[in-house]
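Next come the chains, spelled out residue by residue.
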Amino acid sequence: MKKLNILAAGAAFTFAAVGAAQAQTSPTLEATKQRGQVNCIVSEATAGFSSPDDKGVWRGIDVDVCRAVSSAIFGSPDKVKFIPTTSKVRFTALQSGEGDILSRNTTWTLVRDVNLGFEFTGVTFYDGQGFMVRKSLGVKSAKELDGASVCVSTGTTTELNLADYFRANNMKYNGVVIEGADAIIKAYESGRCDVYTTDKSGLAGDRTKLSAPDEHMILPETISKEPLGPSVRHGDQAWGDIVRWVQYAMIEAEEYGVTSANVDDLKANSTNPVHRRLLGVEGDLGKMLGLSNDWAYNVIKQVGNYGESYERNVGPSTRVNIPREGSPNALWTKGGLIYAIPVR
Amino acid sequence: MSQEHATESAMARPPVTQVGAVRWLRENLFSGWLNTTLTLLTIYILYVALPPLLDWVIFNAAISGTDRDNCTYAGACWVFVKVRFWQFMYGFYPEPERWRVNVVFIIGILGVASLLTSRVPTKAKLIVGVCMLTIFPVFAVVMFGGGVFGLEYIETSQWGGLFLTLTVASAAMVGSFPLGMVLAIGRRSKLPVVKTFCVCFIEFFRGVPLITILFMASVMVPLFLPEGLTLDKLARAIIGITIFNSAYMAEVIRGGLQSIPKGQYEAAHALGLSYWQGMGLIILPQALKAVIPGLVNTFIGLFKDTTLIYIIGIFDLLGMVQASFRDTKWLGLAFEGYAFIMLVFWIFCYSMSKYSQYLERKLNTGHKS
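Owing to the predicted nature of the structure, the values given are computational and were not obtained by experimental measurement. (Residues numbered from 1 in each chain as written. Chains lettered and ligands numbered in written order. Predicted model: local features only at pLDDT ≥ 70, side-chain atom pairs only at ≥ 80, totals over all residues. Heavy atoms only, no water.)

### Some points on the domain arrangement of chain A
All names here are of chain A. Keep this limit in mind: Boundaries of every domain are those given by an automatic assignment or by a domain database. Accessible-area loss on putting two parts together, using a 1.4 Å probe and summing over both, is the definition of buried area adopted here. Salt bridges are defined as contacts in which a side-chain nitrogen from Lys or Arg sits within 4 Å of a carboxyl oxygen from Asp or Glu. Polar contacts, as counted here, are pairs of nitrogen or oxygen atoms within 3.5 Å of one another; within protein the pair requires one atom able to donate a hydrogen and one able to accept it, and residues that are adjacent in sequence qualify only if both atoms are side-chain atoms.
Assigned domains within chain A: domain 1 (27-124 + 229-334) and domain 2 (128-225). The centre of domain 1, based on its C-alpha atoms, is set 31 Å off from the matching centre of domain 2. Overall, the association of domain 1 and domain 2 removes approximately 410 Å² of surface from exposure, summing both partners, and the carbon and sulfur fraction of that is 57%. Area buried by domain 1 at its contact with domain 2 is led by R319, V320 and I322, which between them contribute 66% of it. Remark: the boundary between domain 1 and domain 2 carries 0 salt bridges. Where domain 1 packs against domain 2, one counts 0 residue pairs in polar contact (both at pLDDT 80 or more).

Structural data, given as structure tokens:
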């Protein structure tokens with residue numbers, strides 16, 4: 001077992017576990033079980049990723065990751081304590097142990113993975129910076145934006161990416177730097193700038209806030225890579241494994257056509273070995289993770305597969321409306337990047 | 001009618017230009033070329049700005065229905081505020097348990113009201129006041145949090161909305177006032193240790209932004225606390241706000257203490273009163289009365305500052321509303337949300353300011369001309 005660099009608290013468990021059993025032990029899992037809930041750090045409010053609905057129930061892609069982990073552990077998607085954080089305090093909230101999973105539209109980068117002492121468990125959403133312009137401007141590509149005024153939010157990587165992109169393409173721009181997403185969109189709408197730039201996930205949602213969304217378009221270029229995904233603390237790999245494989249199980253379920261609607265039927269009747277392994281009819285996959293064997297069944301039954309989560313939270317049927325077809329967030333079989341490592 | 005005419009007969013009515021609305025208008029709005037220009041300018045600005053504003057707020061606004069589809073882009077979407085209203089009030093506090101919050105607030109309002117009116121006798125006020133400061137906070141915490149007497153346990157992360165704003169503000173006000181008083185007196189103390197400590201304390205907390213204090217309280221303190229010892233995030237935030245505001249409070253009160261003539265201190269001594277007796281009976285009542293506007297100013301500032309706890313992920317009224325218009329269903333209704341917050345905050349702050357004016361009039365003993 002690969003548990004050598006576990007921290008002091010986990011050391012005792014580790015020595016007991018090595019060679020003793022097939023099942024991993026995870027201090028975080030133990031603590032979570034004892035507490036009866038998963039502590040999940042989410043965004044204080046990002047449309048489609050995490051926000052409270054009319055009843056105060058948290059919804060979103062990031063939220064679904066934590067609900068899925070809760071289903072895998074407890075067999076119920078509601079044993080989660082959501083800890084809303086602003087982007088400024090999210091990392092310390094994970095480091096200080098206030099939360100067990102950081103699922104807050106956070107970009108996976110080397111520095112964050114290594115230097116902050118986190119372990120990213122996968123990518124839930126491939127985001128990237130894009131541009132929105134008025135259709136009346138007659139621009140079809142970001143390469144034609146020389147001399148444009150660009151609305152951008154302060155102190156983010158968005159601002160740096162913008163500068164890099166224009167410099168690399170030998171173009172000039174006037175930056176209109178504004179704090180706060182709502183203020184920026186109003187500035188763009190009132191004509192203070194020709195172009196509005198932020199991550200595409202944000203652009204799609206922000207477009208719906210305009211009084212005439214159809215008069216604006218998102219340019220095809222994506223000028224940065226922003227793979228968003230959940231992370232956990234270094235030092236408890238077994239916990240990281242649980243979060244990672246819960247994510248893969250959701251993707252694999254979509255790849256093999258398992259949905260929350262047909263999961264009961266497939267569990268009872270399917271002869272496909274992939275289905276049988278995934279749903280815990282065969283093998284001991286759950287036990288190896290320190291969970292029950294129907295962990296993935298519970299996840300799919302209660303939260304759904306990746307595609308269901310995507311459609312429900314950011315798909316074209318929602319106001320956020322980020323089309324999945326042709327984007328990196330399509331399944332790999334459909335030309336996207338969503339790919340599950342085999343759950344076997 | 002001419003001037004001569006009016007003086008000839010005392011029974012004659014004064015000229016139209018000298019009475020009623022016309023006189024008021026002349027004296028207040030058109031008394032000179034400058035005021036006339038400003039008045040006309042203001043009327044013009046109102047003429048330009050008011051109709052679209054009223055259109056947005058009232059005439060084109062949507063209020064009926066429960067869904068986003070009931071709204072148009074022409075006017076405000078008050079449906080959003082209507083649907084989310086109780087969430088704005090209570091945050092995530094579970095619906096069946098909200099009566100607990102109501103009970104505490106009704107008792108709190110009754111208690112405060114009885115202290116504020118002049119109809120209740122002073123002795124009764126004293127009893128109520130002591131209860132409000134000792135038993136009531138404990139009662140409130142038990143009712144809000146539960147976990148005892150068969151009340152369901154409700155984590156502070158579930159608290160939110162206006163209820164949380166008021167809780168944080170009143171806890172911080174009640175805490176920072178006495179602390180500020182002690183610091184103010186300490187800063188004027190002749191004992192070097194006490195004085196140095198108070199000066200350092202006040203200058204430090206007045207010199208750093210509230211956001212940094214909240215940030216420290218929220219994320220740094222848990223790192224320093226020994227393993228196993230935890231203090232609730234909300235409690236840490238309230239302590240942070242209290243300490244921060246006590247520094248401001250101290251300086252306001254010190255201003256009052258310095259305005260008291262030396263003779264008053266000496267008179268207290270001459271009457272044989274001890275230092276604390278003199279402070280409590282002679283100096284502080286006068287000093288506090290003198291700085292009511294400053295104190296209320298600080299209270300109002302504190303009330304509005306509580307919105308900063310949003311930065312550490314506690315959903316007060318502002319945080320709750322902001323989170324709501326990021327819900328995919330209500331995306332883009334920021335204006336409506338902020339307008340609602342403005343109204344709520346204005347009502348509270350204006351009431352506080354009105355009460356302070358009333359208090360000043362009531363306590364005015366005619367020392368000042």
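### Regarding the packing of aromatic side chains
Stated formally: For Phe, Tyr and Trp, where Trp contributes only its six-membered ring, two rings pair if their centres lie within 6.5 Å, and the inter-plane angle classes them as stacked under 30 degrees, edge-to-face over 60, or tilted in between. Numbering of helices and strands starts at the N terminus; helices are DSSP runs of H or I of at least 4 residues and strands are runs of E of at least 2. Summary of the burial criterion: residues with accessible area below 20% of their type's maximum are buried, those above 50% are exposed, and those between are partly exposed, where the area comes from a 1.4 Å probe applied to protein chains only. Any Lys NZ or Arg CZ found within 6 Å of a ring centre and within 35 degrees of that ring's normal is scored as a charge over the ring.
In total, this model carries 43 aromatic pairs over all chains according to the counting rule given. Note on Y93(B) and F163(B): the rings are 5.5 Å apart at their centroids and 80° apart in plane angle, and the pair reads as edge-to-face. Linking Y93(B) in the loop between α4 (78-90) and α5 (98-116) with F163(B) in helix α8 (residues 161-187), this pair joins segments that are 70 residues apart in sequence. For the pair Y93(B) and F163(B), one class covers both residues: buried. With a centroid separation of 5.2 Å and an interplanar angle of 50°, the aromatic rings of F303(B) and F345(B) are classed as tilted. Residue F303(B) is located in helix α14 (residues 292-305), and its partner F345(B) is located in helix α16 (residues 334-363); the two are separated by 42 residues in the primary sequence. A relative accessible area of 4% means that F303(B) is categorised as buried. In this structure F345(B) comes out as buried when scored by relative accessible area, which is 9%. Taken together, the ring pairs connect F80(B), F85(B), W86(B), F88(B), Y90(B), W330(B) and F340(B) into an aromatic cluster. Over the face of the ring belonging to F335(B) we find K186(A), whose NZ or CZ atom lies 4.4 Å from the ring centre. The residue whose ring lies beneath R324(A) is Y310(A), and the NZ or CZ to ring-centre distance is 5.3 Å.

### Let's talk about the interface of chain B and chain A
We apply this condition: By the convention used here, residues are in contact when the closest approach between their heavy atoms is within 4.5 Å.
Facing the 31 residues of chain B at the interface are 32 residues of chain A. Buried surface at the junction of chain B and chain A, summed over both partners, amounts to about 2700 Å²; 59% is from carbon and sulfur atoms. On the chain B side of the interface with chain A, the three residues burying the most area are Y73(B), R326(B) and L331(B), jointly 21% of the side's total. Counting across the chain B and chain A interface gives 4 salt bridges. If you look at where chain B meets chain A, you find 10 residue pairs in polar contact (both at pLDDT 80 or more).

### Digging into a nonpolar patch on the surface
The criterion, for reference: Excluding any residue in a salt bridge, patches collect residues exceeding 30% relative accessible area, merging like charges within 9 Å and nonpolar Val, Leu, Ile, Met, Phe, Trp and Tyr side chains within 5 Å. Here the open area of atoms and residues is found with the Shrake-Rupley method and a 1.4 Å probe, where only the protein chains shown may cover a residue.
Together, W33(B), L34(B), L38(B), L41(B), Y44(B), I45(B), Y47(B) and V48(B) give the surface a local cluster of nonpolar side chains, amounting to about 950 Å² of exposed area. Looking at the secondary structure, you find I45(B) in helix α3 (residues 33-59).

### Quick notes on a positive patch on the surface
Residues and elements named next belong to chain B. Formally: By the counting rule applied here, Lys and Arg register as positive and Asp and Glu as negative, while His and the ends of each chain are not counted. Charged groups are reduced to one reference atom each: NZ for lysine, CZ for arginine, CG for aspartic acid, CD for glutamic acid.
A cluster of basic residues, R188, K190, K195 and K262, forms a positive patch on the protein surface. The topology assignment puts K190 in the loop between α8 and α9 (192-207). A residue is classified by how much of its surface remains accessible, and K190, at 82% relative accessible area, is exposed.

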